[in-house]
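What follows is each chain in one-letter form.
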Amino acid sequence: MAVQVKDIVMEKVAIGPVSARVYQGAEFGKGSPIVLFFHGGAFLQSGIKDSVVAESLAKAGAIVAVPDYNGLLGNVFPKPLEAGYSIFSYLANKRASGLGDRNSLLIVAGEEAGGNIAAGVAFKARDHYADALDGQVLISPLLDPFMGTSSIRKADGIGMRQRWTEGWSHYLSGGGCHPYAAPCLCSRIAGVAPALVLTAEDDPLRDETLGYADRLKQAGVAVRRNVLPAGTGWPSLYGGKSEHASNWQQTITDQFEGFVRDISSQPIALKTN
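Residues numbered from 1 in each chain as written. Predicted model: local features only at pLDDT ≥ 70, side-chain atom pairs only at ≥ 80, totals over all residues. Heavy atoms only, no water.

Draft legend 1. View of the sheet that holds strand E4 (residues 63–67). Taking strand neighbours across the sheet as the criterion, the eight strands line up as E1-E2-E4-E3-E5-E6-E7-E8 in an open arrangement whose pairing is mixed. This sheet does not close on itself; its edge strands, each paired only once, are strand E1 (3–10) and strand E8 (223–228). Each neighbouring strand pair of the sheet contributes to a mean axis angle of 20°, computed without reference to strand direction. Pairing between strand E3 (residues 34–38) and strand E5 (residues 106–111): five bridges, direction parallel. Within the sheet, the bridge partner assigned to Leu 36 lies in E5 and is Val 108. Packing against the sheet, helix H4 (residues 113–128) makes contact with E3, E5 and strand E6 (135–139), and its axis sits at approximately 150° to E5. Strands E3, E5, E6, strand E7 (195–200) and E8 of the sheet are contacted by helix H7 (residues 249–265), whose axis makes an angle of about 165° with E8. (Pairing = 2+ DSSP bridges. Helix = DSSP H or I, 4+ residues; strand = E, 2+ residues; numbered from the N terminus. Axes fitted to C-alpha atoms, helices over the stretch in contact; angles between N-to-C directions. Contact = heavy atoms within 4.5 Å.)

Put into structure tokens, the structure is as follows:
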């Protein structure tokens, strides 16, 4: 499916106007899912750039909005989360946002540091606006500031471990470590929206991603997960080195299509795999 891309400004967000890049499949129609997608960048990147992941989600028929969530308030916790939740609340009022319609599912998604923000927004939505959020898509989310897993200790091969260390130090420099800043430390995770969780065997963030998926499932959250085999070029997701050409985009499209079918037809008993 061809994807159309346009830049917009969300004028009526509570925190102020927010720039965003919108991806939508050329064949999108009435009731197309709305995805609020938070880009990665180790908590250090602001601005808007092209996103292969957002494009992959749009190819499944979604309307994907990628905001500059670090641009207005800054990128030290809790500011990015506050911005993300404010944008989510704006999109939840579908008539005001101009994206989708009242039949559209509303899903938060993110990769790497953006996956952290998506998970945090899912917590806040559960506590304050539960009926508005239909699902969350966590793509190798950066969840653990201690970075002690076996998979992350191998991250030096793509040159990311030092960058993630610097990113975590910056993100938490406001003081303390609230559970919403590090979702893997949150003890109350029941009741959040159904989740699609994606990683790969050679992903440095594999262990914390799958560990969080297991915790969600144990808490009664409907979880669909997929682990790509090694050699798909997944580390290129972070802009790091990869010995293989990237061929994971179609998997993201296919998994997202399945996830949307699941939460549309079986919102409670979402099947897992």
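Draft legend 2. Looking closely at unusual backbone geometry. With an omega of 10°, the peptide bond running from Phe 77 to Pro 78 counts as cis. Relative to the elements of secondary structure, Pro 78 occurs in the loop between E4 and helix H2 (79–92). A positive phi angle is found at Ala 42, which is not glycine, with a value near 55°. Note that Ala 42 resides in the loop between E3 and helix H1 (52–58).

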